[in-house]
Amino acid sequence: DTGVSQDPRHKITKRGQNVTFRCDPISEHNRLYWYRQTLGQGPEFLTYFQNEAQLEKSRLLSDRFSAERPKGSFSTLEIQRTEQGDSAMYLCASSPGDRGLGSYEQYFGPGTRLTVT
Amino acid sequence: DAKTTQPNSMESNEEEPVHLPCNHSTISGTDYIHWYRQLPSQGPEYVIHGLTSNVNNRMASLAIAEDRKSSTLILHRATLRDAAVYYCILRDYNNAGNMLTFGGGTRLMVKP
């Protein structure tokens, strides 16, 4: 088990461009989460998947953001028409989701740092 | 999720114990207390969690007040590698989504 991986680790893009990030969760974890973290703040929840179904989205996830998890394995997060305010660390986490609802931990990837110029 | 309050920062000397406090006066009966930490340039890392009783694992101990309105994360011997931001998070047992709601956390600095 190699843990949660994210690609790329760093992305610099110009305002108005589209970007896509990928997350590979721990195998057999059926829950996958996306968070965003700006400098000096704690991570903020964006969205989560139970297998391939996207079950909840934060108000932070504007129409320019879309996430998918085809076949319930890896996930992608796309940002269209990027803005400077999108500059942040994008974190992915996974969890097994099959124990008591409040108890199991989430395993985070190293994050993708996005800089919009 | 109910809110937690933590000091912004704490300092410790290497090889000494560290007690990181967390107040959660509005905790409900179905809230688990979770601790995560985030080392520089890394994603958060699970440390420990508990419901009512004190808990120990290889990383730390969690002491939970009898009324559950506060808890303390205990690092028995701080090392330089423990310098991180520590987050105390409440997670509702009944929350199907179980996303984590992070506050500002406590930045722990460890002096050699």
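Here, the structure is the one placed above.
Just so it is clear, the structure is predicted and the values come from calculations on it, not from any experiment.

A. Structural context of the overall build of chain A. For chain A, the helix and strand inventory stands at zero helices and 11 strands. Listing the helices and strands of chain A from first to last along the sequence gives β-β-β-β-β-β-β-β-β-β-β. The C-alpha atoms of chain A give a radius of gyration of 14 Å, which matches the 13 Å a tight globule of 117 residues would have. When burial is assessed residue by residue, chain A has 50% of its 117 residues classed as buried.

B. Broad picture of the packing of aromatic side chains. Evaluated as defined, the whole model comprises 12 aromatic pairs over all chains. Aromatic pair A:Phe65 and A:Tyr90: ring centres 6.5 Å apart, planes at 40°, arrangement tilted. Residue A:Phe65 is located in strand β7 (residues 65–68), and its partner A:Tyr90 is located in strand β9 (residues 88–95); the two are separated by 25 residues in the primary sequence. The exposure classification of A:Phe65 matches that of A:Tyr90, with both residues buried. Taken together, the ring pairs in this structure connect A:Tyr33, A:Tyr35, A:Phe45, A:Tyr48, A:Phe108, B:Tyr36, B:Tyr46, B:Tyr87 and B:Phe102 into an aromatic cluster. The ring of A:Phe74 has A:Arg22 sitting right over it, with the charged end atom 3.9 Å from the ring centre.

C. Seen up close, the pairing of strand β6 (residues 53–57) of chain A. All names here are of chain A. Of the pairings in the sheet, the one linking strand β5 (residues 44–50) to β6 comprises four bridges and is antiparallel in character. Opposite Gln50, over in β6, you have Ala53 as the bridge partner. From the end of β5 to the start of β6, which pair antiparallel, there are two residues, and Asn51 there has a positive phi angle of about 55°.

D. Region of interest: the environment of B:His76. All names here are of chain B. Along the chain, His76 turns up in the loop between β7 (70–75) and β8 (84–92). Residue class for His76 comes out partly exposed when judged on its relative accessible area of 49%. Residues His76 and Pro17 lie 59 residues apart in sequence; the distance between their C-alpha atoms is 4.4 Å. Apart from the residues lying within four places of it in its own chain, the contact partners of His76 are Glu16, Pro17 and Ser61. A polar atom in the side chain of His76 sits 2.7 Å from the side chain of Ser61.

E. Main features of the side chain of A:Ser75. Residue and element names in this part refer to chain A. As for its placement among the helices and strands, Ser75 is situated in strand β8 (residues 75–79). Given the relative accessible area of 0%, Ser75 is considered buried. At 2.9 Å, the side chain of Ser75 and the side chain of Trp34 are in polar contact. A polar contact of 2.7 Å, which involves the side chain of Ser75, links it to the backbone oxygen of Glu68.

F. Quick look at the state of the cysteines. All names here are of chain B. For the structure shown, the criterion picks out two disulfides over all chains. The side chain of Cys22 participates in a disulfide bridge whose partner is Cys88; the two sulfur atoms lie 2.1 Å from each other. Measuring handedness by torsion sign, the sulfur bridge of Cys22 and Cys88 sits at about -85° and is left-handed. Placement of the pair is Cys22 in strand β2 (residues 18–23) and Cys88 in strand β8, with a sequence separation of 66 residues. Residue Cys22 shares its accessibility class with Cys88, and that shared class is buried.

G. Quick look at the interface of chain B and chain A. Listed by partner, the interface residues are 20 residues for chain B and 22 residues for chain A. Counting each side, the surface lost to burial between chain B and chain A is near 1,700 Å², with a carbon and sulfur contribution of 54%. Here chain B is connected to chain A by zero salt bridges. The interface formed by chain B and chain A includes three residue pairs in polar contact (both at pLDDT 80 or more). Among the elements that line the side of chain B that touches chain A, the one with the most residues is strand β3 (residues 31–38) of chain B, at four residues.

H. Structural context of the side chain of A:Glu105. Tracing the sequence through the fold places A:Glu105 in the loop between β9 and β10 (107–108). There is a polar contact of 2.9 Å between the side chain of A:Glu105 and the side chain of A:Tyr107.

About the cut-offs
Chains are numbered independently. Their residues run from 1 in the order of the written sequence. For this description, chains carry letters from A and ligands carry numbers from 1, given in the order in which they are written. Only residues with pLDDT of at least 70 are given local features in this predicted model, and only at 80 or more are side-chain atom pairs given and counted; all residues enter the totals for whole chains, interfaces and linings. With hydrogens and water excluded, all non-hydrogen atoms of the structure serve as input to the side-chain values. Here a strand is any run of E in DSSP of at least two residues, a helix any run of H or I of at least four, and the numbering for each starts at the N terminus. Both definitions apply: the radius of gyration is a C-alpha atom measure, and the globule rule equals 2.2 Å times residues to the power 0.38. Relative accessibility thresholds used throughout: buried, under 20% of the residue-type maximum; exposed, over 50%; partly exposed, between the two (1.4 Å probe, protein chains only). For this analysis, a ring pair means two rings from Phe, Tyr or Trp (six-membered ring only for Trp) whose centres lie within 6.5 Å, classed as stacked if their planes differ by under 30 degrees, edge-to-face if by over 60, and tilted for the remaining angles. Both a distance and an angle decide whether a charge sits over a ring: NZ of Lys or CZ of Arg must be within 6 Å of the ring centre and within 35 degrees of the ring normal. Strands are treated as partners if at least two bridges between them are detected by DSSP. The contact criterion used is simple: two residues touch if any of their non-hydrogen atoms lie within 4.5 Å. Distance and chemistry together define a polar contact, namely a pair of N or O atoms within 3.5 Å, with one atom able to donate a hydrogen and the other to accept it when in protein, and with adjacent residues in sequence counting only for side-chain atoms on both sides. The rule for a disulfide is simple: a pair of cysteine sulfur atoms within 2.5 Å. Accessible-area loss on putting two parts together, using a 1.4 Å probe and summing over both, is the definition of buried area adopted here. Salt bridge, as used here: a side-chain nitrogen of Lys or Arg that lies within 4 Å of a carboxyl oxygen of Asp or Glu.

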